[in-house]
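Below, each chain spelled out in residue letters.
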Amino acid sequence: MITLPIRLRLAAWYFAVLAVVLSAFGFSAYVEMRHSIHRTIDEELQIRADGVRQLIERTMQRQDVDDLRQDLREHTELRAGGALLQVSDEQGNWIYRSKVMSDYGVPRPAKVPRRAFDYQAKDMPLRVWSQQVAAGGHIYLVQTTAEMDDYYAALQHVALLLIISIPLLLACAAAGGYWISSRALAPVDQIAQTARTISAQNLSRRLVVPNTRDELQRLSETLNGMLERLESAFRRITQFTADASHELRTPVAVMRTRTELSLRKARSADEYRETIRQVHDDLEQTSDLIEQLMYLARTDCGAEILQFAPTDVAEVLREACQQGSALAEAKQIEFRSQIPEQPIGIFGDSSSLRRLFLILIDNAVKYTAANGRVDASLREGEGFAVVEVRDTGIGIAESDLPNVFERFYRADKARSRESGGVGLGLSIGRWIAEAHSGMIEVESTLGVGSVFRVRLPLANGEGLSKKIAPVIAAVDPVA
Ligand SMILES: Nc1ncnc2c1ncn2[C@@H]1O[C@H](COP(=O)(O)OP(=O)(O)O)[C@@H](O)[C@H]1O
Ligand SMILES: [Mg+2]
């Protein structure tokens, strides 16, 4: 099927609908007019026949057919249209037949029709009304007639007018329809033209919004909204790529300097060993960073498939605390955990949850000075499992609080880098919490310490059943 442009299709539809409507109108107007002419003429004929009936009844009281003839003749001469009359008896003999009627040769029907009928005389269309009259023991057939030539001529004139004017009207309407739809759709072309020029290089361009308060205005606004979101997503990704390469460049540059220095002249085995150890540390950090970047990239493209299953948070947190206490011990920080003995069931992915808890404990240890304290705890409340990691560390300034969950955000770049962080931990943590339909929040006072709190909906809690199903579908494309 060939597809025509919308404006042409609209105009064509308009034309077709209008053609049907106008033709129907023309046809019914014609039919109705003809019908109403017949109705009026028939009534008139009937009245005339009725007059003749009364005359026959009156005259036949005297039982004289010749009188009747005479009376009928007089009657016809007196009245308008009276000449168009013929009366016959039951044997078919003419009692009276005007000259015009015999010239026209209007027939006498064998059976009296209930309605008037059309009769075409030589060159005159006629309308004939027939009526039986019983008088003086006889039955007479009275027929009155009307000449229809003038009426039919008028009717034909009207038909001609319709036949000429309807196509003319249609042509005008179609042209008008095409013009209107072209005008209405012109902004669409403009939108398409602008849209064609928008690419990754100029995502900040926007479509012109026609001030028409109609679908087209809404369409442009919607498309602009979409561009807005695409642009911000695109900017985030470019920023992420830029940040990631920047973060990767630093350790690589450091390793290069170290090895170059070491290779500049002959060194002792101990010196080489020291260089290799330093490079090894750098490599460890770098591979951590790469691992984090890859995790985030997988979450971004929806490929990070969480294995949701009934999980005991208490057990997962206990494992994380074991690793955490080793970290704390190395920094001479007191580490305590308060985890209930009985299992606390949630629906989740245990390895991601462990990762989340470790991120929080790792931060708490990292940003707390020696002799400080880190507390990890778990409790149930309001349908949620609530995990808290509290420290007596450096705290976070109020101005930094809203940003700590952003990628690559570090409140204190120098200190964080020194301790091996690039600012990705908390953004990964937040993604994990949210993928579990949970949430993560922070309270902190600069110089006093911080509390990071994660709430995860309990498996039997109300929070879960409502929330987890769509999340699993969203997070796990395989499910
Ligand atoms: N427990 C904490 N105490 C103080 N500051 C913290 C704590 N946890 C996180 N932060 C701040 O939030 C920033 C982001 O944390 P994170 O995403 O884990 O990055 P990283 O630890 O790699 O620097 C950190 O750089 C730090 O400034
Ligand atoms: Mg961290």
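As the structure is a prediction and not an experimental result, all values here were calculated from the model. (Residues numbered from 1 in each chain as written. Chains lettered and ligands numbered in written order. Predicted model: local features only at pLDDT ≥ 70, side-chain atom pairs only at ≥ 80, totals over all residues. Heavy atoms only, no water.)

1. Things to note about helix α2 (residues 65-78)
In step 1: Look at α2: 20 Å from first C-alpha to last across 14 residues, which is about the 20 Å you get at 1.5 Å a residue.
In step 2: The complete set of buried residues in α2 reads L68, D71, L72, H75 and T76. Burial along α2 is one-sided: seen end-on, the buried residues are contained in an arc of 135°. Away from the buried face of α2 by more than 90 degrees, exposed residues D66, E77 and L78 are located.
In step 3: Among the structural elements, α1 (6-59), β1 (85-89), β2 (94-97) and β5 (138-147) are those in contact with the buried residues of α2. (Helix = DSSP H or I, 4+ residues; strand = E, 2+ residues; numbered from the N terminus. Expected span 1.5 Å × (residues − 1). Buried < 20%, exposed > 50% of the residue type's maximum accessible area, 1.4 Å probe, protein only. Arc of directions from axis to C-beta. Contact = heavy atoms within 4.5 Å.)

2. Focus on the layout of surface pockets
In step 1: The calculated volume of the second largest pocket comes to roughly 430 Å³.
In step 2: Considering the residues around the second largest pocket, the lining is formed by 16 residues, among which R236, E406, R407, S427 and R430 are closest to the centre.
In step 3: Contributions of two or more residues to the lining of the second largest pocket are made by α5 (215-263), α6 (269-300) and α10 (425-435).
In step 4: Per-element tally for the lining of the second largest pocket: the top contributor is α5, with six residues. (1 Å grid on protein atoms, 1.4 Å probe; cavity = no way out; pocket = protein on both sides within 12 Å on 5 of 7 lines; lining within 4 Å. Points joined across faces, edges and corners; volume = space filled by probe spheres on them.)

3. So, the sheet that holds β1
Picture the strands of a sheet paired through backbone hydrogen bonds; they go either parallel or antiparallel.
In step 1: In spatial order, the strands read β2-β1-β5-β4-β3; together these five strands make up an open sheet with antiparallel pairing. This sheet does not close on itself; its edge strands, each paired only once, are β2 and β3 (117-121). The sheet shows a mean angle of 25° between the axes of neighbouring strands, taken without regard to direction.
In step 2: As defined by bridge partners, β1 adjoins β5 across five bridges and the pair is classed as antiparallel. Its bridge partner being in β5, V87 is matched across the sheet by V142.
In step 3: Of the strands in this sheet, β1, β2 and β5 touch α2, which is tilted by about 15° from β2.
In step 4: Those strands touched by helix α4 (residues 149-197) are β3, β4 (124-135) and β5, and its axis lies near 135° from that of β4. (Pairing = 2+ DSSP bridges. Axes fitted to C-alpha atoms, helices over the stretch in contact; angles between N-to-C directions.)

4. As for the sheet that holds strand β11 (residues 439-445)
In step 1: Reading across the sheet, the five strands line up as β7-β9-β10-β12-β11 and stay open at both edges, with mixed pairing between neighbours. The two strands at the open ends of the sheet, each matched to only one other strand, are β7 (334-338) and β11. In this sheet, adjacent strand axes meet at a mean angle of 15° when their direction is disregarded.
In step 2: Direction of pairing for β7 relative to strand β9 (residues 373-381): parallel, over a ladder of five bridges. Paired with E334 across the strands is R373, a residue of β9.

5. Digging into the packing of aromatic side chains
In step 1: Applying the stated criterion across every chain, the model contains four aromatic pairs.
In step 2: Judged by centre distance (6.3 Å) and plane angle (85°), the rings of Y295 and W431 are edge-to-face. With Y295 in helix α6 and W431 in helix α10, this pair connects stretches of sequence that are 136 residues apart.
In step 3: Look at Y295 and you get buried, because its relative accessible area is 3%.
In step 4: Between F308 and F347, the ring centres sit 6.0 Å apart and the planes meet at 20°, which makes this aromatic pair stacked. (Phe/Tyr/Trp six-rings, centres within 6.5 Å; stacked < 30°, edge-to-face > 60°.)

6. Comments concerning the pattern of salt bridges
In step 1: Across all of its chains, the model carries 29 salt bridges by this definition.
In step 2: One salt bridge connects E231 with R235, and the closest N-O pair in it is separated by 2.9 Å. Here the residue E231 and the residue R235 both occupy positions in helix α5, the gap between them amounting to four residues, near one helical turn.
In step 3: Relative accessible area serves as the criterion here: at 13%, E231 is assigned to the buried category.
In step 4: Its salt-bridge partner being E443, residue R453 comes within 3.1 Å of it at the nearest N-O pair. Of this pair, R453 sits in strand β12 (residues 449-457) while E443 is found in strand β11, placing the two residues ten residues apart along the sequence.
In step 5: Note on R453: relative accessible area 11%, which makes it buried.
In step 6: For E443, a relative accessible area of 44% gives the class partly exposed. (Salt bridge = Lys/Arg side-chain N within 4 Å of Asp/Glu carboxyl O.)

7. Here we look at the packing of α1 against α2
In step 1: Where α1 meets α2, the closest approach of the two axes is 10 Å, and the angle between their N-to-C directions is 150°. The angle between α1 and α2 places the two elements in the roughly antiparallel class. The crossing of α1 and α2 is right-handed. Across the interface between the two elements, V52, L55, I56 and T59 of α1 pack against D67, L68, D71, L72 and H75 of α2.
In step 2: Looking at the contact of α1 with α2 residue by residue, the classes come out as five nonpolar, two polar and two charged. (Parallel < 35°, antiparallel > 145°, perpendicular 65-115°, else oblique. Left-handed = near helix turned anticlockwise from the far one by under 90°. Nonpolar A, V, L, I, M, F, W, Y, C, P; charged D, E, K, R; others polar.)

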